[in-house]
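Fold and geometry: a report
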Amino acid sequence: MTDERTYDLIIAGGGACGLFAARRAAAAGLRVLVLEKKERTGKKILITGNGRCNVSNLSVSADSYPAPMRAFTAPALDALPVKTLMREFSAIGVPLVNRGDCLYPRSGQAASVADALALASREAGAILKTESSVRSVRKMRQGFRVTAGEEGTQYFSKAVLLACGLKAAPKTGSDGSGLILAASLHLPVKPVLPALTPLMCAEPLAGVWAGVRTQARVTVSCGKERAEDTGEIQLTDFGISGIPVFQVSRLAVQALTCGTRFQTRLDFLPEYEAEELMRLADRLAVSFADRNILQLLGGMLPRKLIQTLARKLDISEKAPAGVLGKERLRRAMALAKDFPVRVTGYKDFSQAQVCQGGVAREAVDPQTMMAVKMPGLFLAGELLDVDGPCGGFNLHWAWASGNLAAKSAALYVRGKL
Ligand SMILES: Cc1cc2nc3c(=O)[nH]c(=O)nc-3n(C[C@H](O)[C@H](O)[C@H](O)COP(=O)(O)OP(=O)(O)OC[C@H]3O[C@@H](n4cnc5c(N)ncnc54)[C@H](O)[C@@H]3O)c2cc1C
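All figures in this text were calculated on a predicted structure; none of them were measured in a lab.

Below, the discussion takes up the sheet that holds strand 15 (residues 263-267). Taken in spatial order, the seven strands of this open sheet run 16-15-12-13-14-11-17, and their pairing is antiparallel. This sheet does not close on itself; its edge strands, each paired only once, are strand 16 (339-341) and strand 17 (343-346). Adjacent strand axes in the sheet meet at a mean angle of 40° when their direction is disregarded. With three bridges connecting them, strand 15 and strand 16 associate as antiparallel partners. Each bridged residue has a counterpart across the sheet, and for Leu266 the counterpart in strand 16 is Phe339. On top of the sheet, helix 8 (residues 243-258) reaches strand 11 (199-201), strand 12 (212-222), strand 13 (225-235), strand 14 (239-241) and strand 17; it is set at about 130° to strand 13, its chief contact.

Here's what the structure looks like:
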């Protein structure tokens, strides 16, 4: 049967992974149909990197991902090294520029990435159908039957790639329906939780520090595990946010979910040693005996943060250093260096950048991205139990796994796999 409902490869999900795979597979000569549930493809790409899209990272390797994922991610990453990715993006009209190892489109606009990927897929011959939510995928004696859209239109293909993402930012389309499709195909699924997400804290003075953005180090310690990152942290009325918080949130979310005890500490003066700060406190107290704490620390820390420290330590904001004395200044410095926060929760999928969990890695052959127990079914992107830190590593996984899945699907369709 060869008509407009019969394809070599049907891709469920026109996000980063699905679009990259569509172009690759169509360029390899396959008849490709992408079914995307939203009104346009690549909706999530539009909001990546604060609208600028951090496409990849110059340092990307299997070591960029959590240890249990490295063996699984290596073949796909090896098949698409970052220099090759840069050439590929250049070839579709999107040269990438390096900003501290993070790669962005030269345009500075995420929309240019989403648009170019969709255009290049179409130019290679892929058909992109929007507002076509995949409702079911059934294995037939030969190939697959895919049902999509409100009317339940049926399509047929030799191979299927599930690239539906997970649940992060569900307004962009990835609402977990890929998990239902995977489960209906008897694929094992690991519990899905937010990974890069803001953390909620029981901090009585959060109302005082709300709105502060400051350089700080955040550390989460849970038994032998420790996650730490330094950069601009946002102090909010619910707790803490910003990229460093996202980077450590994976461990905090796991600990909260398992009910395991863990500690979270903020260092608002990460570039100073603790002893150096004690000496500085002593010097300030002597040199500026008439200055109050806001004046003494005003050049080092944001005002609202100094107010938070002062209130926590019951230090009058008006009292001069001569009255406060060295000891209380030392305590203020020590608290700025090591500020404990009690993390009580995390923001849900609507505010998470990626998810942890998803289709179990054991169910997929990492050399091909094909389901171990269902020839012709491929899985890639965030739908799989793979997630990385901020910095372009999650999109790189979407491109790399989509690339390998497409290449493998081309071999499969030609009877070579
Ligand atoms: C705010 C934000 C900022 C981010 N910034 C970055 C960044 O700068 N760099 C980086 O590396 N990563 C970033 N990420 C993460 C990155 O966007 C994801 O890792 C990546 O988009 C995953 O690609 P994917 O194609 O696997 O899934 P998705 O991008 O989620 O795409 C899945 C697609 O499948 C569609 N779909 C779902 N179910 C169905 C169905 N049943 N039928 C048909 N279609 C379906 C969805 O509508 C969606 O278009 C960010 C994420 C967020 C939320």
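By the burial criterion, the buried members of helix 4 (residues 82-91) are Val82, Leu85, Glu88 and Phe89. Projection of helix 4 onto a plane perpendicular to its axis shows the buried side chains occupying an angular sector of 110°, all on one side. Facing away from the buried side of helix 4, by more than 90 degrees, are the exposed residues Lys83, Arg87 and Ala91. Contacts made by the buried residues of helix 4 are with helix 1 (16-27), strand 3 (56-57), strand 4 (96-99), strand 5 (102-105), helix 5 (110-124) and helix 13 (393-413). Positive backbone phi, approximately 95°, marks Gly93, located one or two places after helix 4.

In this section: the pairing of strand 4. Two elements, strand 4 and strand 5, share four bridges in a ladder whose sense is antiparallel. Paired with Arg99 across the bridge in strand 5 is Cys102. Counted along the chain from strand 4 to the antiparallel partner strand 5, the turn is two residues long, and its residue Gly100 has a positive phi close to 60°.

This brings us to the domain arrangement of the chain. Taken domain by domain, the chain comprises domain 1 (6-193 + 356-413) and domain 2 (198-347). Between the C-alpha centres of domain 1 and domain 2 the distance comes to 40 Å. In this complex, domain 1 contributes seven residues to the contact, which on the side of domain 2 involves eight residues. Buried surface at the junction of domain 1 and domain 2, both sides included, amounts to about 580 Å², of which 54% is carbon and sulfur. When the area that domain 1 buries against domain 2 is broken down by residue, the three leading residues are Leu193, Gln356 and Cys390, summing to 78%. Connecting domain 1 to domain 2 are one salt bridge. The partner of Arg250 in a salt bridge is Asp387, and the shortest N-O contact between them spans 2.6 Å. Our count for the contact surface shared by domain 1 and domain 2 stands at four residue pairs in polar contact (both at pLDDT 80 or more).

Mapping Asp282 onto the fold places it in helix 9 (residues 274-287). Judged by relative accessible area, Asp282 falls into the buried class, the value being 18%. Other than its neighbours up to four places away in sequence, Asp282 contacts Lys326 and Arg330.

Close to the ligand lie 35 residues, the nearest being Cys17, Glu36, Val134, Glu382 and Leu395. Contact distances for the ligand include 2.9 Å between a nitrogen atom and a backbone N or O atom of Asn54. Interatomic distance of 2.9 Å between a backbone N/O atom of Glu382 and an oxygen atom of the ligand. Computed on the free molecule, the ligand has an accessible area of 1000 Å², of which 94% lies beneath the protein chains in the complex.

Any two packed helices are characterised by how steeply their axes cross, that is the angle between the axes, and by the distance between the axes. Two elements in contact, helix 1 and helix 13, have axes whose closest approach is 8 Å; the angle formed by their N-to-C orientations is 35°. Every pair of crossing elements has a handedness; the one defined by helix 1 and helix 13 is right-handed. Across the interface between the two elements, Ala16, Cys17, Phe20, Ala21, Arg24 and Ala25 from helix 1 touch Leu395, Ala398, Trp399, Ser401, Gly402, Asn403, Ala406 and Lys407 from helix 13. Of the residues belonging to the contact of helix 1 with helix 13, the class tally is nine nonpolar, three polar and two charged.

With respect to the helices and strands, Arg99 occurs in strand 4. Taking the C-alpha atoms as reference points, Arg99 and Pro75, 24 residues apart in sequence, are found 27 Å from one another.

With 94 residues, the main nonpolar core has Phe89, Leu162, Leu377, Leu379 and Trp399 as its most contacted residues. Among the elements that take part in this core, helix 13 stands out by supplying 13 residues, more than any other. Core analysis: the second largest hydrophobic core is formed by 50 residues, Leu309, Ile315, Leu329 and Ala332 among them.

A word on helix 9. The end-to-end C-alpha separation of helix 9 is 20 Å, in line with the 20 Å expected for 14 residues at 1.5 Å each. Among all positions in helix 9, only Leu277, Met278, Leu280, Ala281, Asp282, Leu284 and Ala285 are buried. Considering only its buried residues, helix 9 is in contact with helix 10 (293-297) and helix 12 (321-337).

On inspection of all chains with the given rule, the structure shows 19 salt bridges. Note that Asp175 is salt-bridged to Lys37, the shortest N-O span being 2.6 Å. Here Lys37 lies in the loop between strand 2 (32-35) and helix 2 (43-47) and Asp175 lies in the loop between strand 9 (153-162) and helix 6 (177-184), a separation of 138 residues in the sequence. Using a relative accessible area of 27% as the deciding quantity, one classes Lys37 as partly exposed. Among the salt bridges present, the one from Glu232 reaches Arg213, with a minimum N-O distance of 3.0 Å. Taken together, the positions of Glu232 in strand 13 and Arg213 in strand 12 put the pair 19 residues apart, joining distant regions of the chain.

Criteria and cut-off values
Residues take numbers from 1 onward in each chain, read along the sequence in its written order. The model is predicted, so local features are restricted to residues of pLDDT at least 70 and side-chain atom pairs to those at 80 or more, both for listing and for counting; the totals for chains, interfaces and linings are taken over all residues. Think of the side-chain values as coming from all heavy atoms in the structure, minus any hydrogens and water. Note on pairing: DSSP must find at least two bridges between two strands before they are called paired. Here a strand is any run of E in DSSP of at least two residues, a helix any run of H or I of at least four, and the numbering for each starts at the N terminus. Helix axes are fitted to C-alpha atoms over the stretch in contact, other axes to C-alpha atoms as well, and angles between N-to-C directions run from 0 to 180 degrees. Only heavy atoms enter the contact rule, under which two residues are in contact if any of them lie within 4.5 Å. Exposure classes here rest on a 1.4 Å probe applied to the protein chains alone. A residue is buried below 20% of its type maximum, exposed above 50%, and partly exposed in between. Of all possible arcs, the one meant is that of the directions from the helix axis to the C-beta atoms. Residue ranges for the domains trace back to a domain assignment, done automatically or taken from a database. Joining two parts hides part of their accessible area as seen by a 1.4 Å probe, and the buried area is that hidden amount summed over both. Salt-bridge detection follows one rule: a side-chain nitrogen of Lys or Arg within 4 Å of a carboxyl oxygen of Asp or Glu. A 3.5 Å cut-off defines polar contacts: any pair of N or O atoms within that distance qualifies, except that in protein one atom must be a possible hydrogen donor and the other a possible acceptor, and neighbouring residues in sequence count only when both atoms are side-chain atoms. The rule for a residue being near a molecule or strand is that one of its heavy atoms must lie within 4 Å of it. Where accessible areas are quoted, they stem from the Shrake-Rupley method and a 1.4 Å probe; at the residue level, only the protein chains shown are allowed to cover. Each crossing gets its hand from how the near helix is turned against the far one by less than a right angle, where anticlockwise is left-handed and clockwise is right-handed. Residue polarity is assigned by list, with Asp, Glu, Lys and Arg as charged and Ala, Val, Leu, Ile, Met, Phe, Trp, Tyr, Cys and Pro as nonpolar; anything else, Gly included, falls into the polar class. Residues belong to a common nonpolar core when they are buried Ala, Val, Leu, Ile, Met, Phe, Trp, Tyr or Cys residues joined through side-chain atoms within 4.5 Å. To estimate how far a helix should reach, multiply one less than its number of residues by 1.5 Å.

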